[in-house]
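Commentary on secondary and tertiary structure
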Amino acid sequence: MTVAQSSSKAKELASNKPMKLANPNKKPKWMRMSPFSYLALILVTFLSIFPFYWMFIVASNGNEEIAKIPPSLTPGPRFFTVIQHVYDASDHADPAFGTSADPIFNNFNHALLNTVIVGLVVALAQVFFSAIAGFAFAKLNFRGQKFMVVFVIGTMMLPSQLGVLALLYMMKLMSLVDSLGALIIPALVTAFGVFWMRQVIDAQIPNELLEAASIDGSGVLRVFWSIVMPIIRQSAFVLGLFSFLATWNDYLWPLLILSSEQNFTVQVAVNQLKSSYAIDYALNMGGAFLATAPLLLLFVFVGRRLVRGVMDGAVKG
Amino acid sequence: MKFKKVSATASALAAIALGFGAISPAHAASAQEITVWAMCSEVGEIAAAKEQVAAFNGFYDGQYHATLTCKADMGTAIKSTSVGQLPSVFEFDGENLAAYVYAGKLHQLDGVVPASVFNNELVSIQAEGTYKDGHKYSVSQYDSGLGLFASKKMLKAAGINDVPTSYKNAWTATRFTAVLKALAAKASGKKAIDIKENYGMGPGWPGYAFTPIVNSAGYQIVTNNKAVGALDSTAVVNAFKTFASWKPYVDPSSDDKAFENGRVGLAWVGHWQYPALSAKLGSDLAVLPLPDFGVGSKSGQGSHSWSISANTTGAELAASNVFLQYIMKDQWILNVTDQNGAVPATKTALNKSVNYRKGGPLQLYADQLSASCGTAKPTKACVTVPRTISAAWPVINTAFGTAVQTIWNGGDAKTALHTAAVTIDQDYTDHSGY
Amino acid sequence: MTSKKRSKFGQDNLAGFLMSLPGLLLLILFVVIPFLTAVFLSFFNVDFNMVGGPKFWGFENYRRILVDPISSPSFYKALLNNFTFALIVVPAQTALAVLLAVMLNAKLRGIAFFRTFFFMPVVFPMSLVAIIWALMFSRDSLGMLNGLLNLISFGQIQPIDWLGDPNIALLSIALLSVWAGVGFQMVIVLAGLQEIPHELYEAANLDRANAWQRFWNVTIPGLRNTLVFVVIITTIFSLRLFDQVYILTQGGPIDATQTVMLQAVTSAFVEGNVGKASAITVIFVLIIIVLTLIQRLFLKQNREVK
């Protein structure tokens, strides 16, 4: 129903029944409940953030202070010492790479850089391949199209990590074992990405626009690049962001395929920190902190767009 | 230390026959080039690896040249590299030897490395480096020691005066139960021992630390290619029932420091804790053998090994042999054991080691390693037993570890060990007996 | 979903085909072929080290996983854990997601800020989040959660062995999973909430419905399809449970947190048993397909009701 219809319906309802609201002059309902709401919101926010805060507390206090009862809840002075320990522990003195003494070009930061490189390449590739396929599926006509769409949706049901064994053999055939390529190539496209871009393009690009361009005599690629891409760039950004985050989330595969530290991603580097039996809480938390800090920073800038993007996607899907 | 890396790779996989990008060493003009992969697990070991390679290159300048690559995860590196692409020489966890031989990745070292090198090795390490075909496939610079650490004062305070002085007069399991009870009664937290539960009671730690319980009951986990009848025998089942009965006296030690911080008087752990413990406890620290479950005290062993890859031939093979002989010199063995605290794995180096030579504080470990049972059925005369030398080891390690965990958490010992034994036997059958 | 009316634009067969080709080929190469390989290998006695190559042995892997008295109990235990986990997580996470979404649907100042924070745990890698929680779960008094319980109970609550007690470990994993995952479901529900016509609430208000009645009679029916979707998604996610248990418990104590995925990975990469791992994989995918079909039936019925 339209806005006009609904408001008239509300009026009708109102006129049929006597006004029951106790005090029409009172503030709107949502403002009345706000003190309690804010309290609840702050509580949940606290629960969401607390583990990350706790990680920083431990990383900045070191083991001894944490072993106190009750444990310290405020940041301590040892943050940089602990970070240095992480660098030292990750530094296996491979002559080809930096050393722990170097605050920037050490192995842990090298792993961070690897992760960012893999994440960016994968994100760009996924957006590109998903967008062209999504466009073809949503707006073009060609033989086998229906079958292809069903096929893509079908592959969404196959959990990708279950193909790990065969992927290992493939990586061997491609001579990609123990290289960043092994992380990038199998992740160039996902069925979800194609499906999502198809939905997005279908919903956001009016057919008339494409027909107009077609009359202009623009070719398919040109239309895709200069008309479609600018319109869907927000959704493309969200897809890219998801792909980037998914690369950071991937744990098992890098662990299985990488063995040299120059190729380690940050997940593997953090995993190496716990290879020792003695539990070094501060060291682990320091590693986790270094590994999550870039995401935290990213999230500050794009978190709202990400949430908005997921909501839009949820409505359309 | 040695064990933990060992187990870390045990929980990785034995060997995937995968390929790996070509290694392109910078060839010196005339020198015979070899490539070397070392395990880069600990700072001291890495330093030692670099020092010995640099010394080798200096000593044989113009004749041989070794290029060192440090692998943070050697298990993954070997399993994902096909034999043609492996380096000339590499270091690995000794427990995986059989799996690598079975996969055709190792070069037989008999007839390559001189017999004198093997003869100088501790018998324990000779045993670990020998495959079931009777041939040697690896050499090792160091071995590991497993036993009990004890606080003399706490034992005395609990009225325990029959403290063992050698593996020959180890406490019996029954006596050990009484010792634990007495210690716990006097301890502030009512606990008596740290068995390193924090290392994980699942696959891994039990394969190293609690296999000696099986051995001390008179069995190898796999005897004549069969685990049923050995691992699930009445003697072993009863030994594990006793073991499980100690749980009330065991400090979970999630801070890793139950013994170091004086909460308990005993610790069931390896040599790697010695430096920290001796610094903290000083002369109060004693090193004791593990308890005797019937056929004498037994102990674990095993550490990093070095070998040559199967496809290495000709001048490269000769140079690899020279390299292995070079790093097996006492000087380089002591150089690495000084840094990581492990037991030097040759007789001559052992005699030069302050900690491990006769009269040294850790002589017990050396004595234990010098009395290896090898792969034979354990008797009262021997002490250390290598982890099962079979390509089935990853399966054995998992099955056994799972059984120990089940028993430790209150499961029926007979059922758990029988399940493990059947699982192990099935794996042998699946692989035509390996 | 898709527009029924096709654009007249782009009758060009070739362009459409060529544009969808790269994505399609990559999917075939890296998703479909690996899965088909798994199906194929599940009928073989094969492992990484096998000398002499794989040997065909029909359904032996399946027999061992599903029937054999010695080896099948561990699979059923894992499957049971998966379903138990789903039974805990799906209702808890869905209810919590609805609650949080309703809170966030209020027109409060700075609500977008709160939304972002609620969503934050979702974007962080489980491999890192689990490390943080490992410390919070530490069983002695050093553990944050135990310290907290001790504090609020004035020392009455004894330290809990969160990950070491077979009766508690799966619950602890569930707690962590809900914390880490609820933000995603929350955002989907939030989107669903904003689709509910506002007039319905106004009408309910005029009918003197209290907040609770509005929630049950307007919000929940309005969210029906969203909730079905959320429940299905959450079920599939919880069946895939892997990272958390791999990092925190490795399936222990005594298989209390063993899962199907973990078993597949352990079979392949610890025991080197490729055939068994492949067979577990195939069974797992079949279970997911069955669940998805049930979901489709359920969704169809819902649409008919509407």
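Computed from a prediction, not measured in an experiment: that's the story for all the values here. (Residues numbered from 1 in each chain as written. Chains lettered and ligands numbered in written order. Predicted model: local features only at pLDDT ≥ 70, side-chain atom pairs only at ≥ 80, totals over all residues. Heavy atoms only, no water.)

Some points on the overall build of chain C
Check the secondary structure of chain C and you find 13 helices and 2 strands. Principal axes of the C-alpha set define a box for chain C whose edges measure 80 × 75 × 35 Å. The 306 residues of chain C split such that 57% are buried. Residue pairs at least 24 apart in sequence account for 66% of intrachain contacts in chain C once pairs closer than 6 positions are excluded. With an accessible surface of roughly 13500 Å², chain C has 68% of that area assigned to carbon and sulfur atoms. (Helix = DSSP H or I, 4+ residues; strand = E, 2+ residues; numbered from the N terminus. Buried < 20%, exposed > 50% of the residue type's maximum accessible area, 1.4 Å probe, protein only. Contact = heavy atoms within 4.5 Å. Areas by Shrake-Rupley, 256 points an atom, 1.4 Å probe, with all protein chains shown as cover.)

So, the packing of helix H6 (residues 107–139) of chain A against helix H15 (residues 266–273) of chain A
All names here are of chain A. As a packed pair, H6 and H15 sit with axes 8 Å apart at the nearest point and diverge in direction by 150 degrees. Compared by their axis directions, H6 and H15 come out roughly antiparallel. Seen from H6, the contacting residues are Phe108, Ala111, Leu112 and Thr115; seen from H15, they are Val266, Gln267, Ala269, Val270 and Leu273. Classifying every residue of the contact of H6 with H15 by side-chain character gives 7 nonpolar, 2 polar and no charged. (Axes fitted to C-alpha atoms, helices over the stretch in contact; angles between N-to-C directions. Parallel < 35°, antiparallel > 145°, perpendicular 65-115°, else oblique. Nonpolar A, V, L, I, M, F, W, Y, C, P; charged D, E, K, R; others polar.)

Here's the deal with the packing of helix H11 (residues 234–245) of chain B against helix H18 (residues 413–430) of chain B
Residues and elements named next belong to chain B. Between H11 and H18, whose axes approach to 9 Å, the crossing angle comes to 125 degrees. With respect to their mutual orientation, H11 and H18 come out oblique. For H11 against H18, the interelement crossing comes out right-handed. Residue-level inspection shows Val236, Val237, Phe240 and Lys241 of H11 in contact with H18, the latter providing Ala413, Lys414 and Leu417. For the contact of H11 with H18, the residue count by class is 5 nonpolar, no polar and 2 charged. (Left-handed = near helix turned anticlockwise from the far one by under 90°.)

A short note on the sheet that holds strand S7 (residues 266–270) of chain B
Residue and element names in this part refer to chain B. Strands sit in the order S6-S7-S5-S8 across an open sheet of 4 strands; the sheet is mixed. At either end of the open sheet lies a strand with only one pairing partner, and these are strand S6 (193–194) and strand S8 (285–288). Together, strand S5 (146–151), S6 and S7 form the strand contacts of helix H8 (residues 173–186), whose direction differs from that of S7 by roughly 125 degrees. Docked against the sheet, helix H16 (residues 363–370) engages S5, S7 and S8, running at close to 155 degrees with respect to S5. (Pairing = 2+ DSSP bridges.)

Quick look at the side chain of A:Thr115
Residue and element names in this part refer to chain A. Inspection of the secondary structure assignment puts Thr115 in helix H6. What makes Thr115 buried here is its relative accessible area of 2%. Polar contacts involving the side chain of Thr115 include one to the main-chain carbonyl oxygen of Ala111, which spans 2.7 Å. (Polar contact = N/O pair within 3.5 Å; in protein donor to acceptor, adjacent residues only side chain to side chain.)

With respect to the environment of C:Ile236
All names here are of chain C. Mapping Ile236 onto the fold places it in helix H10 (residues 224–239). Residue Ile236 is classed as buried on the basis of its relative accessible area of 17%. Put simply, Ile236 and Asn167 are 69 residues apart on the chain and 24 Å apart in space, counted from C-alpha to C-alpha. Here Ile236 is in contact with Ile288 and Thr292, once residues within four sequence places are set aside.

Considering the environment of B:Ile327
Residues and elements named next belong to chain B. Tracing the backbone shows Ile327 in helix H13 (residues 314–327). Once the C-alpha coordinates of Ile327 and Phe90 are considered, the two residues, 237 residues apart in sequence, prove to be 12 Å apart. If sequence neighbours within four positions are ignored, Ile327 has contacts with Gln52, Gln141, Trp306, Trp332 and Ile333.

Considerations on helix H12 (residues 274–281) of chain B
Residue and element names in this part refer to chain B. What H12 keeps buried is the set Tyr274, Leu277 and Leu281. Down the axis of H12, the buried set is contained in an arc of 70 degrees. They therefore lie on one face. Looking at the buried positions of H12, the neighbouring elements they touch are S5 and S8. Taken from the residues just after H12, Gly282 is the one with a positive phi, measuring 60 degrees. (Arc of directions from axis to C-beta.)

Remarks on helix H11 (residues 207–216) of chain A
Residues and elements named next belong to chain A. Those residues of H11 that sit buried are Asn207, Leu210 and Ala213. Along the long axis of H11, the arc covered by the buried residues comes to 125 degrees, so they all point the same way. Along H11, exposed side chains directed more than 90 degrees from the buried face belong to Ile215 and Asp216. Here the buried face of H11 lies against H6 and helix H12 (220–231). Just downstream of H11, Gly217 is the residue with a positive phi angle, here 90 degrees.

Side note on the confidence of the model for chain C
Across chain C, the average pLDDT comes to 83, with 91% of residues at or above 70. With pTM at 0.82, the complex prediction returns an ipTM value of 0.81. (pLDDT = per-residue confidence, 0-100.)

Things to note about the interface of chain C and chain A
Each partner contributes residues to the interface: chain C has 97 residues there, and chain A has 112 residues. Summed over both partners, the interface of chain C with chain A buries about 9600 Å², with 78% contributed by carbon and sulfur atoms. At the boundary of chain C and chain A, one finds 0 salt bridges. With 20 residues, the top contributor of residues to the side of chain C that touches chain A is helix H1 (residues 13–41) of chain C. For the side of chain C that touches chain A, a count of residues per class yields 64 nonpolar, 18 polar and 15 charged. (Buried area = accessible area lost by both parts, 1.4 Å probe. Salt bridge = Lys/Arg side-chain N within 4 Å of Asp/Glu carboxyl O.)

Remarks on the packing of aromatic side chains
Throughout the structure, instances matching the rule amount to 66 aromatic pairs over all chains. Relative to A:Phe50, the ring of A:Phe46 lies with its centre 5.4 Å away and its plane at 40 degrees, an arrangement referred to as tilted. With A:Phe46 and A:Phe50 both in helix H3 (residues 34–61) and 4 residues apart, the pair spans about one turn of that helix. For A:Phe46, a relative accessible area of 45% corresponds to the partly exposed category. Taking the relative accessible area as the measure of exposure, A:Phe50 reaches 14% and is therefore buried. Taken together, a centroid distance of 5.9 Å and an interplanar angle of 25 degrees make the contact between C:Trp212 and C:Phe215 stacked. Placement of both C:Trp212 and C:Phe215 in helix H9 (residues 211–222) is noted, with a separation of 3 residues, approximately one turn of the helix. By relative accessible area, C:Trp212 is classed as exposed at 58%. When the ring centre of B:Phe118 is taken as reference, the NZ or CZ atom of B:Lys136 above it lies at 5.6 Å. (Phe/Tyr/Trp six-rings, centres within 6.5 Å; stacked < 30°, edge-to-face > 60°. Lys NZ or Arg CZ within 6 Å of the ring centre and 35° of its normal.)

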